[in-house]
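# Inside the fold
The primary structure of each chain is shown beneath.
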Amino acid sequence: MTRLFTPKVVTANDLLDGDVVWLTEDGRWSRSIHEAELLEDEAHATIRLLLAQSQGRRVVGAYLADARSGEHGPEPVHFREAFRTRGPSNYSHGKQGGI
Amino acid sequence: MYAYNDFDEAFVRERVAQFRAQVERRINGSLTEDEFRPLRLMNGLYLQLHAYMLRVAVPYGTINPTQMRQLAHIAEAFDKGYGHFTTRQNIQFNWPKLRDLPDILDALAEVQMHAIQTSGNTIRNVTADHFAGAAADEIEDPRPYPELLRQWSTDHPEFQFLPRKFKIAITGSPNDRAVTKAHDIGLRMVRSADGVPGFEVIVGGGLGRTPMVGKVIRGFLPTGELLPYVEAVVSVWNLLGRRDNKYKARIKITVHEHGLDEIRRLVEERFAEIRPSFSGVDPQLLAGFKQHFAGPDLAVRPVDAFDAARRADPAFRSWSDTNLAAHRAADYAIVTISLKKPGATPGDATSAQMRAMARIAETYGHGELRISHEQNVILPHVHKSDLPAVYRALREADLASANVGLVSDIIACPGMDYCALATARSIPVAQEIAERFDALKLDHEIGPLKIKISGCIYACGHHHVGHIGILGLDRAGVENYQITLGGDGTEDMVLGDKTGPGFSYDEISDAVERIVRAYLALRLSQAETFLQAYKRVGLEPFKAALYDREAQADAA
Ligand code: SF4
């Protein structure tokens, strides 16, 4: 049985401050998921992840996370990834509070 | 308390200097993350969901006002103005930046603190009864022993690459406040038949994926033989422990697989081998440590002010009913400062609050402070006549919640608000439950009740031993909370029983309220605690309250 590939984004944490970042189409690391490149092809996703993993001087722990396309660009699918776009729920810290 | 000698001081400073160079090399690209990761973990630095996190050890929970002020300073200068006290008697900073880490570690070293061995497959910070040295029921202050263990285990060459992490807890009192039965080794002080203090040695306890109640491997160990005996246990496990499977590596699995009797035999054998080489050295060291922990000179003064304040001020009376524990001196009390104001994050303290606690400890508490595994802060020695002033000062710092041991005194791990391993959130669940019972004004009516929440099976929130335990899971991409009932973390440790299917994030507070209302309805009298009632009636009535639709309709 072939598994259907669901769209992904490449995400990681910034090396210096640990903040969540996403890989954009032009190879930048953005602080907003909406600027991420939505990867709809499995082979291409693998190549982008390899690129990300070679950027260990900028980011830590790159991986592929499920995403879907939304009004403003890619959006998270899983709640964990949704929290990563905002920050903790007990204080307005992290992205929701301007870090 | 224990003060570093020149050797300790040089050791910690050297480690900071090394780490400074390592951070620099990571930033300039000469170290990869794979190379850097073990180095940062050795220094307590984790990468969490939104940021780095630094975990700082508070050895056996003992901290002085100068150190507390330095934590306040670090929180302000390098973080977001607060720190989070954990169930391992550590403090965590949730937002440090990589470049600042060496400076933070230097600031810690200035006050003789560090983050070494708060991570990795080493012997971790030994935890202790937070009432140590003060409790009325204590046989002896146990803290010289963890200090001995700490010095012996820190950077011990044989024990840097153990099969897995190794946690030891100790209590000097037969009433276990240190959850010793949930540790790799638990040490509970008892007296021999002829009245000599020694340790009951418990082995193979642990929560997490495969929770197990520790078993007694030695009913009585003379205190002087502690070090060789612990070394014998660790080295037997170091040889037998499963390095092939992370989930089977803890000593609880080794004990389970080989049987307690076989482990006991091997430990005694090894103990007999190494004991001769230990003689002479540690008794001397220990005598030195005992002096460090001699405790303050207690004052003899009238306690009338305390009684008068209790008569005059109902709020003070309520606080002194819940937040005080019996001190070994009748004119003194042990104060628990609640970091559990309903709606606040369990275990969090702002820099201002840390400074207030430091000041109060200096003014009224002989300069002593403790961190409890229940995420509160303790003033171990307060003269009763000073309690009204302590209470006023705590109120000013917003630290006077009168709820220790009650439904809103909830343990919660950081969960998915911070922790990279989490499967669900725990903090907002704790906040909502505490606020709900606060609004209902039921907490004193309910009486002693421990709710403990973990955000994944690693069980940092000790949910298995909560009277009501809550475990946050990810069920098909949705947060789901599994409830256990009847857990007990004392010397009679019991693991809680699962009630059945879990509840969604939106349902979990309602579910807890249904459990508590069921208890109120079925208890024999107000004197029967939740745990006693549970032991009497078992799971069924609570299951009915949770899952039976008719019962719910009736209650509505
Ligand atoms: S129990 Fe799980 S979620 Fe909670 S702090 Fe421990 S590892 Fe993180």
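Here is what the cut-offs are and how they apply
- Residues numbered from 1 in each chain as written.
- Chains lettered and ligands numbered in written order.
- Predicted model: local features only at pLDDT ≥ 70, side-chain atom pairs only at ≥ 80, totals over all residues.
- Heavy atoms only, no water.
- Axes fitted to C-alpha atoms, helices over the stretch in contact; angles between N-to-C directions.
- Helix = DSSP H or I, 4+ residues; strand = E, 2+ residues; numbered from the N terminus.
- Parallel < 35°, antiparallel > 145°, perpendicular 65-115°, else oblique.
- Contact = heavy atoms within 4.5 Å.
- Nonpolar A, V, L, I, M, F, W, Y, C, P; charged D, E, K, R; others polar.
- Near = heavy atom within 4 Å.
- Core = buried A, V, L, I, M, F, W, Y, C linked by side-chain atoms within 4.5 Å.
- Buried < 20%, exposed > 50% of the residue type's maximum accessible area, 1.4 Å probe, protein only.
- Domains from an automatic or database assignment.
- Pairing = 2+ DSSP bridges.
- Polar contact = N/O pair within 3.5 Å; in protein donor to acceptor, adjacent residues only side chain to side chain.

### As for the packing of helix 6 (residues 226-240) of chain B against helix 7 (residues 251-258) of chain B
Residues and elements named next belong to chain B. One way to put it is that helix 6 packs onto helix 7 with a least axis distance of 10 Å and a crossing angle of 75°. Here helix 7 runs roughly perpendicular to helix 6, going by the angle between their axes. Side by side, helix 6 and helix 7 meet where Val 233, Trp 237 and Leu 240 of the first sit next to Ile 251, Thr 254 and His 258 of the second. Residue classes in the contact of helix 6 with helix 7 are distributed as 4 nonpolar, 2 polar and no charged.

### Concerning the site of the ligand
With respect to spatial proximity, the complete set of residues near the ligand consists of Cys 413, Pro 414, Gly 415, Cys 419, Leu 421, Ala 422, Gly 455, Cys 456, Tyr 458, Ala 459 and Cys 460 of chain B. Of the residues assigned to the shell around the ligand, the class counts are 9 nonpolar, 2 polar and no charged.

### Points about the nonpolar core
Residues and elements named next belong to chain B. Ranked by internal contacts, the top residues of the largest apolar core, which has 64 residues, are Met 68 and Trp 319. Those residues in contact with Met 68 that sit more than four places away from it in its chain are Ile 63, Phe 85, Met 354, Met 357, Ala 358, Leu 369, Ile 371 and Val 377. Counting residues in each nonpolar core, the second largest holds 41 residues, with Ile 123, Ile 217, Val 255 and Phe 289 among its members.

### A word on the domain arrangement of chain B
One can read the domain layout of chain B as domain 1 (6-110), domain 2 (142-292), domain 3 (304-396) and domain 4 (411-555). Its C-alpha centre places domain 2 of chain B at a distance of 33 Å from the equivalent point of domain 3 of chain B.

### Describing the pairing of strand 5 (residues 90-93) of chain B
Residue and element names in this part refer to chain B. Burial along strand 5 is two-sided: Asn 90 and Gln 92 facing one way and Ile 91 and Phe 93 facing the other are all buried. Alignment of strand 2 (residues 52-57) against strand 5, held across 4 bridges, turns out to be antiparallel. Following the sheet pairing, Arg 55 is matched in strand 5 by Gln 92. The pairing of strand 4 (residues 82-85) with strand 5 spans 2 bridges and is classified as antiparallel. Residue pairing for strand 5: His 84 is matched across the bridge by Gln 92.

### Observations concerning the side chain of Thr 345 of chain B
Mapping Thr 345 of chain B onto the fold places it in the loop between strand 12 (332-337) and strand 13 (348-350). A polar contact of 2.9 Å, which involves the side chain of Thr 345 of chain B, links it to the side chain of Asn 90 of chain A. Those residues in contact with Thr 345 of chain B that lie beyond four places of it in its chain are Asn 90 and Tyr 91 of chain A together with Leu 339, Ile 427 and Gln 431 of chain B.

### Some points on the sheet that holds strand 10 (residues 215-222) of chain B
Strand-to-strand pairing in sheets goes through backbone hydrogen bonds, with the strands running parallel or antiparallel. All names here are of chain B. Ordered in space as 6-7-8-9-10, the 5 strands form an open sheet in which the pairing is mixed. Whereas interior strands pair on both sides, the edge strands pair on one side only; in this sheet they are strand 6 (127-128) and strand 10. In terms of strand pairing, strand 7 (residues 168-171) meets strand 8 (residues 185-191) through 4 bridges, oriented parallel. Among the inter-strand pairings, Ile 170 is bridged to a residue of strand 8, identified as Leu 187.

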